[in-house]
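# Structural characterization, general
Residues per chain, in single letters:
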Amino acid sequence: MSYAKAKPTPIRCTGQLQSLFYQDGAKLKALRVGVDDRDYWFKVPKTLRHRLDPTIQPGHWVTIHGQRRRSRKTGILTFKADHIILSPWAVQSELVTAPLTPPQPKAEAAKILICQKSSCRKRGADKVCAQLAAELSDRNLNDTVTIKSTGCLNQCKQGPHVILLPERAKYSRVRPNDIPTLVEQHLIIDPPA
């Protein structure tokens, strides 16, 4: 069974901005707007993000011109903004003075992923994991770096594989004697002088 895509219906509404939804800390994805005792989520397309007034904050009144679409399959209504106007007559003066600052992204914790599937284990992944645990212990990094065993990372003939996060540095054919160099390159912030 196939469903034809529903045609969007143009809409216009004025309401109070309740919240802004950011993805990855800086990409504005949606606005939650309160209209007549109901909240509506409006998707903000990429083309509109850079044109949006940077002083907009929760509590401001906005007028949104956009589209609504009802999924024929699920029946769910979705809203997409085409134009967002800050309504100056309803904005409180103390909210206008502070510019909008998106939430800062959380720093990703250091993590080491090691493939532990049979092919990598046959090629020495267990020894690499043991050497890595010993190296982290010697350098007092046990509390700040997590070792995580993973499933297959593909490219089995080039195992064992190690991925160092947050840089996403991937190494193949890792041997236990490679571990001190990898730890030094990726996990030591200020190497000893």
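Look up a bit, the structure's there.
Predicted model only: the values in this text are computed from it and were never measured.

It is worth spelling out the sheet that holds strand 7 (residues 145-150) at this point. As summarised here, the arrangement of the four strands in space is 7-6-8-9, forming an open sheet in which the pairing is mixed. A strand with exactly one partner marks an edge of an open sheet, and here the two such strands are strand 7 and strand 9 (169-171). Ignoring which end each strand starts from, the neighbouring axes of this sheet average 20° apart. With three bridges joining them, strand 8 (residues 162-165) and strand 9 adopt antiparallel strand pairing. Within the sheet, the bridge partner assigned to Leu 164 lies in strand 9 and is Ala 169.

This paragraph deals with a positive patch on the surface. A grouping of Lys 122, Arg 123, Lys 157, Arg 173 and Arg 175 is seen on the molecular surface, where their side chains present a positively charged patch. Residue position: Lys 157 is located in the loop between strand 7 and strand 8. We classify Lys 157 as exposed; its relative accessible area is 70%.

Here the focus is the nonpolar core. Where a protein is soluble and globular, its nonpolar side chains tend to be buried together. Core analysis: the largest hydrophobic core is formed by 19 residues, its most contacted members being Leu 28, Leu 31, Val 33, Phe 42, Ile 64 and Ile 84. Considering every element that reaches this core, the biggest residue donor is strand 1 (residues 9-23), with five residues. Every residue in contact with Ile 64, bar those within four places of it in the chain, is listed here: Ile 11, Arg 12, Cys 13, Val 33, Phe 42, Ala 81, His 83 and Ile 84. Counting 17 residues, the second-largest nonpolar core is a separate cluster that includes Ile 114, Val 128, Leu 132 and Ile 179.

What follows is about the sheet that holds strand 5 (residues 77-86). Ordered by their spatial adjacency, five strands build a closed barrel running 1-2-3-5-4, and the pairing between neighbours is mixed. Neighbour-to-neighbour, the strand axes of the sheet open up by a mean angle of 55°, direction not taken into account. With seven bridges connecting them, strand 1 and strand 2 (residues 27-35) associate as antiparallel partners. From the neighbouring strand, Leu 17 faces strand 2, where its bridge partner is Val 33.

This next bit is on the pattern of salt bridges. Under the counting rule described, the total for this entry stands at four salt bridges. Asp 39 is paired through a salt bridge with Arg 32; the nearest N and O atoms lie 2.7 Å apart. A relative accessible area of 39% places Asp 39 in the partly exposed class. Judged by relative accessible area, Arg 32 falls into the partly exposed class, the value being 23%. In this structure, Glu 184 and Arg 139 form a salt bridge, with 2.8 Å as the shortest nitrogen-oxygen distance. Of this pair, Glu 184 sits in helix 5 (residues 179-186) while Arg 139 is found in the loop between helix 4 (125-138) and strand 7, placing the two residues 45 residues apart along the sequence.

Both strand 2 and strand 3 (residues 38-43) contribute to a ladder of six bridges, which runs antiparallel. Each residue of the ladder has a partner; that of Ala 30, found in strand 3, is Lys 43.

Our focus in this paragraph is unusual backbone geometry. The omega angle of the peptide bond from Gly 159 to Pro 160 is -5°, so this bond is cis rather than trans. Structurally, Pro 160 can be placed in the loop between strand 7 and strand 8. Despite not being glycine, Asn 140 has its phi angle at roughly 55°, a positive value. Residue placement: Asn 140 occurs in the loop between helix 4 and strand 7. The residue Arg 173 is not glycine, and still its phi comes out positive at about 55°. Structurally, Arg 173 is set in the loop between strand 9 and helix 5.

About the cut-offs
Residues numbered from 1 in each chain as written. Predicted model: local features only at pLDDT ≥ 70, side-chain atom pairs only at ≥ 80, totals over all residues. Heavy atoms only, no water. Pairing = 2+ DSSP bridges. Helix = DSSP H or I, 4+ residues; strand = E, 2+ residues; numbered from the N terminus. Axes fitted to C-alpha atoms, helices over the stretch in contact; angles between N-to-C directions. Patch = residues over 30% accessible without salt bridge, like charges linked within 9 Å, V, L, I, M, F, W, Y side chains within 5 Å. Areas by Shrake-Rupley, 256 points an atom, 1.4 Å probe, with all protein chains shown as cover. Salt bridge = Lys/Arg side-chain N within 4 Å of Asp/Glu carboxyl O. Lys, Arg positive; Asp, Glu negative; His and termini not counted. Charge placed at Lys NZ, Arg CZ, Asp CG, Glu CD. Buried < 20%, exposed > 50% of the residue type's maximum accessible area, 1.4 Å probe, protein only. Core = buried A, V, L, I, M, F, W, Y, C linked by side-chain atoms within 4.5 Å. Contact = heavy atoms within 4.5 Å.

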